[in-house]
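# Chain and residue survey
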Amino acid sequence: MTSSSSPSQDTKRLAHTYPEGLRADALMEEDVAWSLDTDSERDGDQFDRSERAALRRVAGLSTELEDVTEVEYRQLRLERVVLVGVWTSGTVQDAENSLAELAALAETAGALVLDGVIQRRDKPDAATYIGSGKAEELRGIVLETGADTVICDGELSPGQLIHLEDVVKVKVIDRTALILDIFAQHAKSREGKAQVALAQMQYMLPRLRGWGQSLSRQMGGGKGGGLATRGPGETKIETDRRRIREKMAKMRREIAEMKTGREIKRQERRRNKVPSVAIAGYTNAGKSSLLNRLTGAGVLVENALFATLDPTVRRAETPSGRLYTLADTVGFVRHLPHHLVEAFRSTMEEVGDSDLILHVVDGSHPVPEEQLAAVREVIRDVGATGVPEIVVINKADAADPLTLQRLLRVEKRSIAVSARTGQGIAELLALIDNELPRPSVEIEALVPYTHGKLVARAHDEGEVISEEHTAEGTLLKVRVHEELAAELTPYVLTPAG
């Protein structure tokens, strides 16, 4: 709000009204007395200086709900996606199953799937993944559905990503980026977060986009510039690539340090001769549920893909009293990005260093054989093909009986269980007891009571067949490893093999 009198007129008025020394004070006063000469022509209310600078509320803009229960019915704005797949081999059912799995991945990541299309091709188009004509059709589907993202069921090259985005005019991501996003959401431990970050940077490095020479930097050097300092220098995208490589190197060092701690724990278990069992399998097959059922670990169980990423190791006991460790590993999926396999290698080494693998498969899945093949491919990648394997067909209570019979017939070392109801768990524990490696030496020894530590080690590290307390000491018949057998040799009565 402005006054109709000019600043020069106000100054002259004050000069006549106040002496020279008080003129400045009068100019700075917040409240100037109202006068007919100057204030009668002002347009509207006049405010003090503090009121002019204060925040003022505007009526009618509040969105506060009258009823707090209305909050429950508000819907979160989910990303709206269209799925695209290229069918290069197999049957149409295989292609549809793959796209259905992609839809489950998208929903796990927090997206709303609107539509899905498949194209039959000998191989993906080198420029736009599905060809220029089909890309235009896809643009029409995007406009019709109102989607803001397209997800491709495969790993796109940087060129395919850019060209397809140019045609459909919305964001395009591939299966690898989607899985990496899910892993980033679900990683909780420091090691898990570092492994996911490394995989994301490996994926991002060749897909960086920049503005080329328009963002070039000077070459630098010499104080104040001068000769031989002008030139293209290092472009912005080159700077970004260099920084990502530096971060990747730092992340690898951190993961290597964490791997050392994990290796120390494994060496301690080996030193104590504690057998280890690793639970591996397809994502959402029920690995965490099985771990909870066998050990009461209390691991998060959720009907979602990759719900748990951080490995959990728990101590367990066989029906005969033998101690062993049970490790829950990260879930696998078809076409698991090689960036993830490399980044999670230290975690997956739990599978390679185990004495037995419980390969969990979802018995209620339409094609469980494909899950088995996908997991075994990753097991080969981490070098665990020589470890004995038991196929655990989970969710037997919800599976088709014909599918269960087929799997039990094809997989020679398999068992059907239900982690939810407890069906088959006792038989599984007995099977684990039989399959775990047993101590190689069987001896019978009379251990004096003064050497009770040897008896305790025989219980912890070996397999006690019989035990009797006599006047001279503890009469043990046990199977133990060679190191403990050597310590028990002075007290051996009858070597038995």
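As a reminder, the structure under discussion sits directly above these lines.
Residues numbered from 1 in each chain as written. Predicted model: local features only at pLDDT ≥ 70, side-chain atom pairs only at ≥ 80, totals over all residues. Heavy atoms only, no water.

### Some remarks on a positive patch on the surface
A cluster of like positive charges, contributed by R243, K247, K250 and R253, occupies part of the molecular surface. Structurally, R243 can be placed in helix α10 (residues 236-271). (Patch = residues over 30% accessible without salt bridge, like charges linked within 9 Å, V, L, I, M, F, W, Y side chains within 5 Å. Areas by Shrake-Rupley, 256 points an atom, 1.4 Å probe, with all protein chains shown as cover. Salt bridge = Lys/Arg side-chain N within 4 Å of Asp/Glu carboxyl O. Lys, Arg positive; Asp, Glu negative; His and termini not counted. Charge placed at Lys NZ, Arg CZ, Asp CG, Glu CD. Helix = DSSP H or I, 4+ residues; strand = E, 2+ residues; numbered from the N terminus.)

### Here's the deal with the environment of E191
Examined against the element boundaries, E191 turns out to sit in helix α9 (residues 190-204). Remark: the alpha-carbon pair of E191 and F344, spanning 153 residues in sequence, is separated by 9.3 Å.

### With respect to the pairing of strand β6 (residues 312-317)
Both β6 and strand β7 (residues 323-328) contribute to a ladder of six bridges, which runs antiparallel. Looking across to β7, one finds that V313 is bridged to A327. What sits between the antiparallel neighbours β6 and β7 is a turn of five residues, in which G321 has the positive phi angle 95°. (Pairing = 2+ DSSP bridges.)

### Let's talk about the pattern of salt bridges
The final tally for this structure, using the stated rule, is 15 salt bridges. Here K171 and E79 are joined by a salt bridge, their closest N and O atoms 2.8 Å apart. Here E79 lies in strand β1 (residues 79-87) and K171 lies in strand β4 (residues 171-174), a separation of 92 residues in the sequence. Given a relative accessible area of 31%, E79 falls into the partly exposed group. A cluster of three or more residues bridged by salt bridges with shared partners is formed by E101, D153 and R175. (Buried < 20%, exposed > 50% of the residue type's maximum accessible area, 1.4 Å probe, protein only.)

### With respect to helix α15 (residues 401-410)
What α15 keeps buried is the set T403, L404 and L407. All buried residues of α15 fall inside an arc of 100° around its axis, so they share one side. Those residues of α15 that are exposed and aimed more than 90 degrees away from the buried face are P401, L402 and R409. The secondary structure elements touched by the buried residues of α15 are α14 (368-381), β9 (389-394) and β10 (414-416). (Arc of directions from axis to C-beta. Contact = heavy atoms within 4.5 Å.)

### A look at the environment of A471
Take A471: it is sitting in the loop between β12 (463-469) and β13 (474-480). Residues A471 and P448, spaced 23 residues apart in sequence, show a C-alpha to C-alpha distance of 9.3 Å.

### Describing the side chain of S418
Relative to the assigned elements, S418 resides in the loop between β10 and α16 (425-435). The buried category is assigned to S418, whose relative accessible area is 1%. Only 3.0 Å separates the side chain of S418 from the side chain of D397, close enough to count as a polar contact. Apart from the residues lying within four places of it in its own chain, the contact partners of S418 are N394, K395, A396, D397, Q423 and I425. (Polar contact = N/O pair within 3.5 Å; in protein donor to acceptor, adjacent residues only side chain to side chain.)

### A closer look at the packing of aromatic side chains
For the structure on display, the rule yields zero aromatic pairs. One residue, R120, lies across the ring of W87, its end atom 4.6 Å from the ring centre. (Phe/Tyr/Trp six-rings, centres within 6.5 Å; stacked < 30°, edge-to-face > 60°. Lys NZ or Arg CZ within 6 Å of the ring centre and 35° of its normal.)

### Examining the sheet that holds β1
If you trace the four strands from one edge of the open sheet to the other, you get β2-β1-β3-β4, paired in parallel fashion. Two strands in the sheet have a free side with no partner beyond their single neighbour: β2 (111-120) and β4. Recorded for the sheet is a direction-independent mean angle of 25° between the axes of neighbouring strands. Where β1 and strand β3 (residues 149-152) come together, four bridges link them in parallel fashion. (Axes fitted to C-alpha atoms, helices over the stretch in contact; angles between N-to-C directions.)

### Here we look at the nonpolar core
Membership of the largest hydrophobic core comes to 72 residues, with the highest contact counts inside it found for F332, M348, L358, V392 and L428. L428 has contacts with L290, L294, L358, V392, I415 and V417, leaving out every residue within four places of it along the chain. Formed by 19 residues, the second largest nonpolar core is a distinct cluster that contains Y129, A135, C152 and L164. (Core = buried A, V, L, I, M, F, W, Y, C linked by side-chain atoms within 4.5 Å.)

### A short note on the packing of helix α6 (residues 132-145) against helix α7 (residues 158-168)
Relative placement of two packed helices is described by the angle separating their axes and the distance separating the axes. The N-to-C vectors of α6 and α7 enclose an angle of 50°; their axes lie 8 Å apart at closest approach. Regarding the angle of α6 to α7, the classification is oblique. Remark: the crossing between α6 and α7 carries right-handed chirality. Along its contact with α6, which presents A135, E136, L138 and R139, the element α7 presents L164, V167 and V168. (Parallel < 35°, antiparallel > 145°, perpendicular 65-115°, else oblique. Left-handed = near helix turned anticlockwise from the far one by under 90°.)

### Description of the packing of α14 against α15
Two elements in contact, α14 and α15, have axes whose closest approach is 11 Å; the angle formed by their N-to-C orientations is 40°. By the angle between their axes, α14 is oblique relative to α15. Seen from α14, the contacting residues are P368, E369 and L372; seen from α15, they are T403, R406 and L407.

### Topic: the sheet that holds β9
Pairing in this open sheet of six strands is mixed, and the strands run β6-β7-β5-β8-β9-β10 from one edge to the other. Edge positions in the sheet fall to β6 and β10, since each of these pairs with one other strand and no more. Adjacent strand axes in the sheet meet at a mean angle of 25° when their direction is disregarded. Pairing of strand β8 (residues 356-362) with β9 involves six bridges; the strand directions are parallel. In the strand pairing of β9, L358 is matched with I390. Relative to the sheet, α14 contacts β5 (276-281), β8 and β9, its axis offset from that of β8 by approximately 145°. Those strands touched by α16 are β5, β7, β8, β9 and β10, and its axis lies near 150° from that of β8.

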